[in-house]
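# Tertiary structure, described
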Amino acid sequence: MELTAAQMAQFDRDGFLIFPDLFSPAEVAVLRQEVGRLAQLEAEEVFREHTGGVKSIFRVHEEDGATRSAPFRALVRTPRVLRPVQQVLGGDAYVYHTKINAKPAIEGTIWMWHQDYNSWSKDGCPTPNMATFNVMLNDTSEFSGGLYIIPGSHKLGLLESVYDASTGYKLWTIPKEKMIEVLRSSPPPVAVTGKAGTGVLFHCNVPHASGHNLSSEDRWHIYVSCNAVANRPVLGEHPRPDWVVSRNWFPLPIEDDTGVVKAA
Ligand code: SIN
Ligand code: MN
(Lines give C-alpha, C1' and ligand atoms only; values in the text may rest on other atoms or scores of the structure.)
(Ligands and ions follow the chains in the order given, each with its own letter.)
Protein backbone atom coordinates (compact mmCIF):
# COMPACT_ATOMS: atom_id res chain seq x y z
CA MET A 1 0.00 0.00 0.00
CA GLU A 2 1.42 3.33 -1.08
CA LEU A 3 0.42 6.54 0.72
CA THR A 4 -0.69 9.26 -1.69
CA ALA A 5 0.83 12.75 -1.65
CA ALA A 6 -2.39 13.95 0.02
CA GLN A 7 -2.05 11.31 2.78
CA MET A 8 1.60 12.23 3.31
CA ALA A 9 0.58 15.90 3.65
CA GLN A 10 -2.21 14.92 6.07
CA PHE A 11 0.24 12.91 8.20
CA ASP A 12 2.59 15.88 8.28
CA ARG A 13 -0.25 18.25 9.25
CA ASP A 14 -2.23 16.09 11.74
CA GLY A 15 0.40 13.60 12.95
CA PHE A 16 -1.86 10.61 12.24
CA LEU A 17 -3.79 8.73 9.54
CA ILE A 18 -6.71 6.31 9.87
CA PHE A 19 -7.24 3.39 7.46
CA PRO A 20 -10.71 1.80 7.79
CA ASP A 21 -11.05 -1.87 6.70
CA LEU A 22 -7.29 -2.32 6.34
CA PHE A 23 -7.35 -5.95 7.53
CA SER A 24 -10.16 -8.33 6.55
CA PRO A 25 -12.43 -10.22 8.98
CA ALA A 26 -10.55 -13.46 8.07
CA GLU A 27 -7.19 -11.88 8.99
CA VAL A 28 -8.61 -10.37 12.17
CA ALA A 29 -9.96 -13.81 13.17
CA VAL A 30 -6.46 -15.32 12.84
CA LEU A 31 -4.91 -12.50 14.88
CA ARG A 32 -7.59 -12.71 17.57
CA GLN A 33 -6.99 -16.43 17.98
CA GLU A 34 -3.32 -15.61 18.51
CA VAL A 35 -4.14 -13.03 21.20
CA GLY A 36 -6.20 -15.67 23.02
CA ARG A 37 -3.24 -18.08 22.92
CA LEU A 38 -0.59 -15.48 23.90
CA ALA A 39 -2.71 -14.23 26.81
CA GLN A 40 -2.26 -17.62 28.53
CA LEU A 41 1.52 -17.23 28.70
CA GLU A 42 3.53 -16.33 31.79
CA ALA A 43 6.62 -14.45 30.55
CA GLU A 44 8.53 -11.25 31.27
CA GLU A 45 7.02 -9.81 28.07
CA VAL A 46 3.48 -10.13 29.51
CA PHE A 47 2.12 -7.37 31.79
CA ARG A 48 -1.04 -7.56 33.87
CA GLU A 49 -3.54 -5.07 35.26
CA HIS A 50 -3.33 -4.69 39.05
CA THR A 51 -6.58 -6.71 39.07
CA GLY A 52 -4.97 -9.62 37.20
CA GLY A 53 -6.18 -9.41 33.57
CA VAL A 54 -3.64 -9.23 30.75
CA LYS A 55 -2.69 -5.63 29.91
CA SER A 56 0.16 -5.87 27.38
CA ILE A 57 1.99 -8.61 25.51
CA PHE A 58 5.30 -7.44 24.02
CA ARG A 59 7.53 -8.83 21.24
CA VAL A 60 5.06 -10.82 19.18
CA HIS A 61 6.78 -10.09 15.84
CA GLU A 62 10.06 -12.03 16.09
CA GLU A 63 10.87 -15.63 15.21
CA ASP A 64 12.10 -16.50 18.69
CA GLY A 65 11.13 -15.79 22.28
CA ALA A 66 8.22 -16.77 24.53
CA THR A 67 5.69 -14.44 22.88
CA ARG A 68 6.59 -15.17 19.24
CA SER A 69 3.67 -15.40 16.84
CA ALA A 70 3.88 -16.28 13.16
CA PRO A 71 0.71 -14.32 12.19
CA PHE A 72 1.91 -11.15 13.98
CA ARG A 73 5.39 -11.63 12.47
CA ALA A 74 3.68 -11.67 9.05
CA LEU A 75 1.54 -8.63 9.91
CA VAL A 76 4.52 -6.31 10.52
CA ARG A 77 5.98 -7.33 7.15
CA THR A 78 2.86 -6.73 5.05
CA PRO A 79 3.06 -3.87 2.55
CA ARG A 80 -0.07 -2.47 4.19
CA VAL A 81 1.84 -1.82 7.43
CA LEU A 82 5.49 -1.54 6.42
CA ARG A 83 5.27 0.54 3.25
CA PRO A 84 3.43 3.52 4.85
CA VAL A 85 5.89 3.34 7.76
CA GLN A 86 8.83 3.47 5.33
CA GLN A 87 7.23 6.41 3.56
CA VAL A 88 6.64 8.55 6.65
CA LEU A 89 10.09 7.67 8.05
CA GLY A 90 11.72 8.40 4.69
CA GLY A 91 13.49 5.06 4.08
CA ASP A 92 14.42 1.73 5.65
CA ALA A 93 12.63 0.95 8.90
CA TYR A 94 12.74 -1.70 11.62
CA VAL A 95 10.40 -2.68 14.44
CA TYR A 96 11.33 -0.91 17.69
CA HIS A 97 8.83 -3.04 19.57
CA THR A 98 5.41 -4.62 19.24
CA LYS A 99 2.80 -4.82 21.95
CA ILE A 100 -0.74 -6.13 22.11
CA ASN A 101 -2.74 -4.00 24.51
CA ALA A 102 -5.60 -6.21 25.60
CA LYS A 103 -7.50 -3.73 27.82
CA PRO A 104 -9.92 -6.31 29.27
CA ALA A 105 -13.64 -5.51 29.64
CA ILE A 106 -14.44 -3.48 32.80
CA GLU A 107 -10.94 -3.86 34.32
CA GLY A 108 -8.76 -2.44 31.48
CA THR A 109 -7.22 0.81 32.71
CA ILE A 110 -6.15 4.08 31.15
CA TRP A 111 -3.01 5.04 29.28
CA MET A 112 -2.26 8.55 30.57
CA TRP A 113 -1.38 11.37 28.12
CA HIS A 114 2.13 10.76 26.82
CA GLN A 115 4.42 11.08 23.82
CA ASP A 116 6.10 7.86 22.73
CA TYR A 117 9.29 9.73 21.88
CA ASN A 118 9.62 10.75 25.52
CA SER A 119 10.62 7.19 26.41
CA TRP A 120 12.40 6.56 23.11
CA SER A 121 14.60 9.67 23.38
CA LYS A 122 15.64 8.43 26.83
CA ASP A 123 16.49 5.07 25.19
CA GLY A 124 18.99 6.99 23.03
CA CYS A 125 17.11 7.42 19.73
CA PRO A 126 18.68 10.59 18.29
CA THR A 127 15.64 12.03 16.46
CA PRO A 128 11.84 11.69 16.50
CA ASN A 129 11.85 9.92 13.14
CA MET A 130 9.66 7.17 14.59
CA ALA A 131 6.01 6.17 14.27
CA THR A 132 3.51 3.55 15.42
CA PHE A 133 1.05 1.49 13.41
CA ASN A 134 -1.98 0.45 15.46
CA VAL A 135 -4.38 -2.24 14.21
CA MET A 136 -7.72 -2.71 15.99
CA LEU A 137 -8.53 -6.39 16.57
CA ASN A 138 -12.11 -5.71 17.62
CA ASP A 139 -14.62 -2.91 17.14
CA THR A 140 -13.45 0.04 19.24
CA SER A 141 -15.69 2.75 20.71
CA GLU A 142 -15.20 5.70 23.07
CA PHE A 143 -16.51 3.43 25.86
CA SER A 144 -14.05 0.61 25.27
CA GLY A 145 -11.02 2.84 25.78
CA GLY A 146 -10.04 3.79 22.24
CA LEU A 147 -7.15 6.14 21.56
CA TYR A 148 -7.44 9.92 21.95
CA ILE A 149 -5.15 11.93 19.66
CA ILE A 150 -4.74 15.72 19.43
CA PRO A 151 -4.52 16.70 15.74
CA GLY A 152 -1.30 18.51 14.87
CA SER A 153 0.14 18.15 18.37
CA HIS A 154 3.36 16.49 17.13
CA LYS A 155 4.40 20.00 16.04
CA LEU A 156 4.75 20.95 19.73
CA GLY A 157 7.96 18.92 19.83
CA LEU A 158 9.15 17.02 22.87
CA LEU A 159 7.37 18.10 26.07
CA GLU A 160 8.41 17.66 29.69
CA SER A 161 7.67 14.30 31.31
CA VAL A 162 7.00 12.64 34.63
CA TYR A 163 7.35 8.92 35.44
CA ASP A 164 3.96 7.33 36.12
CA ALA A 165 4.00 4.05 38.05
CA SER A 166 0.27 3.97 38.78
CA THR A 167 -0.76 1.41 36.14
CA GLY A 168 0.43 -2.12 35.34
CA TYR A 169 2.98 -0.73 32.84
CA LYS A 170 5.14 2.18 34.04
CA LEU A 171 5.82 4.95 31.51
CA TRP A 172 6.85 8.60 31.04
CA THR A 173 3.74 10.79 30.86
CA ILE A 174 3.02 14.51 30.41
CA PRO A 175 2.63 16.31 33.76
CA LYS A 176 -0.89 17.52 34.63
CA GLU A 177 -0.30 21.29 34.41
CA LYS A 178 1.50 21.00 31.07
CA MET A 179 -1.21 18.73 29.66
CA ILE A 180 -3.99 21.13 30.70
CA GLU A 181 -2.08 23.92 28.92
CA VAL A 182 -1.71 21.76 25.78
CA LEU A 183 -5.41 20.80 25.78
CA ARG A 184 -6.54 24.43 26.23
CA SER A 185 -4.37 25.68 23.37
CA SER A 186 -4.94 22.83 20.85
CA PRO A 187 -7.79 21.56 18.65
CA PRO A 188 -10.06 19.11 20.54
CA PRO A 189 -8.73 15.54 20.83
CA VAL A 190 -10.14 13.00 18.38
CA ALA A 191 -11.53 9.74 19.80
CA VAL A 192 -10.20 7.18 17.32
CA THR A 193 -12.95 4.62 16.96
CA GLY A 194 -13.41 2.03 14.25
CA LYS A 195 -14.29 -1.48 13.23
CA ALA A 196 -11.99 -4.44 13.75
CA GLY A 197 -9.31 -4.29 11.06
CA THR A 198 -8.95 -0.49 11.16
CA GLY A 199 -5.36 0.79 11.07
CA VAL A 200 -3.99 3.99 12.64
CA LEU A 201 -0.51 5.36 11.93
CA PHE A 202 0.74 8.07 14.30
CA HIS A 203 3.88 10.15 14.82
CA CYS A 204 5.95 9.52 17.97
CA ASN A 205 5.61 13.13 19.20
CA VAL A 206 1.79 13.15 19.19
CA PRO A 207 0.47 13.39 22.77
CA HIS A 208 -2.06 10.54 23.04
CA ALA A 209 -3.99 8.69 25.72
CA SER A 210 -6.87 6.27 26.18
CA GLY A 211 -9.59 5.79 28.76
CA HIS A 212 -10.76 2.96 30.98
CA ASN A 213 -12.58 0.13 29.19
CA LEU A 214 -16.10 0.44 30.58
CA SER A 215 -17.64 -1.79 27.90
CA SER A 216 -18.50 -5.50 27.97
CA GLU A 217 -15.81 -6.44 25.41
CA ASP A 218 -12.03 -6.63 25.70
CA ARG A 219 -10.28 -3.98 23.57
CA TRP A 220 -7.59 -5.88 21.68
CA HIS A 221 -5.14 -3.63 19.77
CA ILE A 222 -1.71 -4.36 18.32
CA TYR A 223 0.83 -1.50 18.32
CA VAL A 224 3.75 -1.84 15.88
CA SER A 225 6.27 0.85 16.84
CA CYS A 226 8.91 1.52 14.21
CA ASN A 227 12.18 3.38 13.89
CA ALA A 228 14.19 4.55 10.89
CA VAL A 229 17.26 2.30 10.54
CA ALA A 230 19.44 5.45 10.49
CA ASN A 231 17.96 6.48 13.86
CA ARG A 232 18.90 3.38 15.90
CA PRO A 233 19.46 4.18 19.56
CA VAL A 234 22.82 4.98 21.04
CA LEU A 235 22.35 2.71 24.04
CA GLY A 236 23.35 3.91 27.50
CA GLU A 237 24.89 1.84 30.29
CA HIS A 238 21.60 0.30 31.40
CA PRO A 239 19.41 -0.04 28.32
CA ARG A 240 15.87 -1.34 28.61
CA PRO A 241 15.43 -4.99 27.53
CA ASP A 242 15.28 -6.14 23.90
CA TRP A 243 11.53 -6.74 24.05
CA VAL A 244 10.94 -2.98 24.42
CA VAL A 245 14.07 -1.58 22.70
CA SER A 246 14.82 -4.03 19.91
CA ARG A 247 18.44 -4.65 18.94
CA ASN A 248 17.23 -6.15 15.63
CA TRP A 249 17.74 -2.91 13.70
CA PHE A 250 18.32 -4.44 10.29
CA PRO A 251 15.99 -3.08 7.57
CA LEU A 252 12.73 -5.00 7.79
CA PRO A 253 11.81 -6.53 4.41
CA ILE A 254 8.36 -6.13 2.92
CA GLU A 255 6.93 -9.61 2.48
CA ASP A 256 3.68 -11.31 1.54
CA ASP A 257 0.49 -9.26 1.83
CA THR A 258 -1.42 -12.51 2.42
CA GLY A 259 1.06 -13.68 5.08
CA VAL A 260 -1.23 -13.35 8.10
CA VAL A 261 -3.74 -15.93 6.88
CA LYS A 262 -0.99 -18.20 5.54
CA ALA A 263 0.72 -18.21 8.95
CA ALA A 264 -2.44 -19.40 10.72
C1 SIN B 1 0.10 3.39 23.94
O2 SIN B 1 -0.02 4.58 23.78
O3 SIN B 1 1.22 2.89 23.88
C4 SIN B 1 -1.08 2.51 24.20
C5 SIN B 1 -2.37 3.18 24.21
C6 SIN B 1 -3.52 2.24 24.31
O7 SIN B 1 -3.37 1.01 24.29
O8 SIN B 1 -4.65 2.71 24.38
MN1 MN C 1 1.95 5.43 23.27
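Everything that follows concerns the structure shown earlier in this document.
None of these values were measured; they are calculated from a predicted model.

### What about the packing of aromatic side chains?
If you walk through the whole model with that rule in mind, you get nine aromatic pairs. Between Phe47 and Phe58, the ring centres sit 5.7 Å apart and the planes meet at 70 degrees, which makes this aromatic pair edge-to-face. Taken together, the residues Phe47 in strand β2 (residues 46-48) and Phe58 in strand β3 (residues 54-58) connect sequence positions eleven residues apart. In this structure, Phe47 and Phe58 share a single accessibility class: buried. Here the aromatic residues Phe47, Phe58, Trp111, Tyr169 and Trp243 are joined through ring pairs into a cluster of three or more.

### Description of the coordination of the manganese ion (ligand 2)
Coordination of the manganese ion (ligand 2) by the protein is provided by His114 (NE2), Asp116 (OD) and His208 (NE2), with metal-donor distances spanning 2.1 to 2.2 Å. Mapped onto the sequence, the donors of the manganese ion (ligand 2) take the spacing H-x1-D-x91-H. Pair noted here: Asp116 is in helix α5 (residues 116-122) and His208 is in strand β12 (residues 208-210), with a separation of 92 residues, a long-range link. For the pair formed by Asp116 and His208, the shared burial category is buried.

Rules behind the numbers
Residues numbered from 1 in each chain as written. Chains lettered and ligands numbered in written order. Predicted model: local features only at pLDDT ≥ 70, side-chain atom pairs only at ≥ 80, totals over all residues. Heavy atoms only, no water. Phe/Tyr/Trp six-rings, centres within 6.5 Å; stacked < 30°, edge-to-face > 60°. Helix = DSSP H or I, 4+ residues; strand = E, 2+ residues; numbered from the N terminus. Buried < 20%, exposed > 50% of the residue type's maximum accessible area, 1.4 Å probe, protein only. Donors = N, O, S within 2.8 Å, 3.2 Å for Na, K, Ca; no water.

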